[in-house]
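Notes for the structure review
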Amino acid sequence: MEVSKALVSGLAGAVAITIAHETLRRLVPEAPRMDVLGMRAISKTMKKAGAQPPESSSLRAWAMLGDIVSNSIYYSFAGVGKDAWLRGGLLGAGAGAGAVLLPGPMGLGTDPSNRTNSTRVMTVGLYLMGGLVAAAVGSALACDDDNC
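Here's a quick rundown of the structure. (Residues numbered from 1 in each chain as written. Predicted model: local features only at pLDDT ≥ 70, side-chain atom pairs only at ≥ 80, totals over all residues. Heavy atoms only, no water.)

Tracing the backbone through its elements, the reader meets Thr-123 in helix H6 (residues 117–142). Within the local environment of Thr-123, its side chain forms a polar contact with the backbone oxygen of Thr-119, the two atoms lying 2.8 Å apart. (Helix = DSSP H or I, 4+ residues; strand = E, 2+ residues; numbered from the N terminus. Polar contact = N/O pair within 3.5 Å; in protein donor to acceptor, adjacent residues only side chain to side chain.)

Moving on: the pattern of salt bridges. With the rule as written, the count across this model stands at six salt bridges. Between Glu-22 and Arg-25 there is a salt bridge whose closest N-O contact spans 2.9 Å. A residue pair is termed a helical-turn pair when its members lie 3 or 4 positions apart in one helix, as Glu-22 and Arg-25 do in helix H1 (residues 2–27) at three residues. Put simply, Glu-22 and Arg-26 hold a salt bridge, and the shortest N to O gap is 3.3 Å. Placement of both Glu-22 and Arg-26 in helix H1 is noted, with a separation of four residues, approximately one turn of the helix. Judged by its relative accessible area of 11%, Glu-22 is buried. Overall, Arg-26 belongs to the exposed group, its relative accessible area being 60%. (Salt bridge = Lys/Arg side-chain N within 4 Å of Asp/Glu carboxyl O. Buried < 20%, exposed > 50% of the residue type's maximum accessible area, 1.4 Å probe, protein only.)

On the surface, Leu-65, Val-69, Ile-73 and Phe-77 cluster together to form a nonpolar patch covering roughly 420 Å² of accessible area. The residue Leu-65 is located in helix H3 (residues 56–75) in this model. (Patch = residues over 30% accessible without salt bridge, like charges linked within 9 Å, V, L, I, M, F, W, Y side chains within 5 Å. Areas by Shrake-Rupley, 256 points an atom, 1.4 Å probe, with all protein chains shown as cover.)

Attention now goes to the nonpolar core. The biggest cluster of nonpolar side chains holds 13 residues, and the ones touching the most others in it are Ile-17, Met-34, Tyr-75 and Tyr-127. Elements represented by at least two residues in this core include exactly H1, helix H2 (34–48), helix H4 (84–101) and H6. Setting aside chain neighbours within four positions, we find Met-34 in contact with His-21, Asp-67, Ala-99, Ser-113, Thr-123 and Tyr-127. (Core = buried A, V, L, I, M, F, W, Y, C linked by side-chain atoms within 4.5 Å. Contact = heavy atoms within 4.5 Å.)

Scanning the model with the defined rule gives one aromatic pair in all. Judged by centre distance (5.5 Å) and plane angle (65°), the rings of Tyr-74 and Tyr-75 are edge-to-face. For Tyr-75, a relative accessible area of 0% gives the class buried. (Phe/Tyr/Trp six-rings, centres within 6.5 Å; stacked < 30°, edge-to-face > 60°.)

So, on to H1. Compared with an ideal rise of 1.5 Å per residue, which puts 26 residues at 38 Å, H1 spans 38 Å between its outermost C-alpha atoms and is within 8% of the ideal. Among the residues of H1, Ala-6, Ser-9, Gly-10, Gly-13, Ala-14, Ala-16, Ile-17, Thr-18, Ala-20, His-21 and Glu-22 are the ones counted as buried. (Expected span 1.5 Å × (residues − 1).)

The next thing to look at is empty space enclosed by the protein. Using the criterion set out here, one finds one cavity of 30 Å³ or more in the structure. In this model, the largest cavity occupies a volume close to 100 Å³. Lining of the largest cavity is provided by Ile-17, Thr-18, His-21, Glu-22, Met-34, Met-64, Asp-67, Asn-71, Leu-126 and Tyr-127. Going through the elements one at a time, H1, H3 and H6 are the ones with two or more residues in the lining of the largest cavity. Among the elements that take part in the lining of the largest cavity, H1 stands out by supplying four residues, more than any other. Residues belonging to the lining of the largest cavity are distributed by class as follows: five nonpolar, three polar and two charged. (1 Å grid on protein atoms, 1.4 Å probe; cavity = no way out; pocket = protein on both sides within 12 Å on 5 of 7 lines; lining within 4 Å. Points joined across faces, edges and corners; volume = space filled by probe spheres on them. Nonpolar A, V, L, I, M, F, W, Y, C, P; charged D, E, K, R; others polar.)

Right under this line is the structure:
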């Protein structure tokens, strides 16, 4: 039962970061473009496997789905209970730092998450928020009538 609660909390964190990211990218010119990194990663992997990547609109949909699935699993490690807050915060901060530092060395480019100081701060903030949302949901799901 705890695993299913953790997965639900991870999904909540993933959906929250996706909604926030999509909103920011439409409103703020310096917003991170994690969708672009996802599309580049899928395209690069498919080409190395000898497959033709899909068209841009389909590729974007694949990237969005991949983000939600992978972030759901990742944020589910925040778990449930009172320690979920610490784990969620650490997971979010770690993912944010990785999203800023790793795309360049991975050959995915640096602009989408590392273009300006504002872009870097928003990137870390988005992932931190995802971890904290997962922690909040995990903590809430761990509550019962006797223990909150």
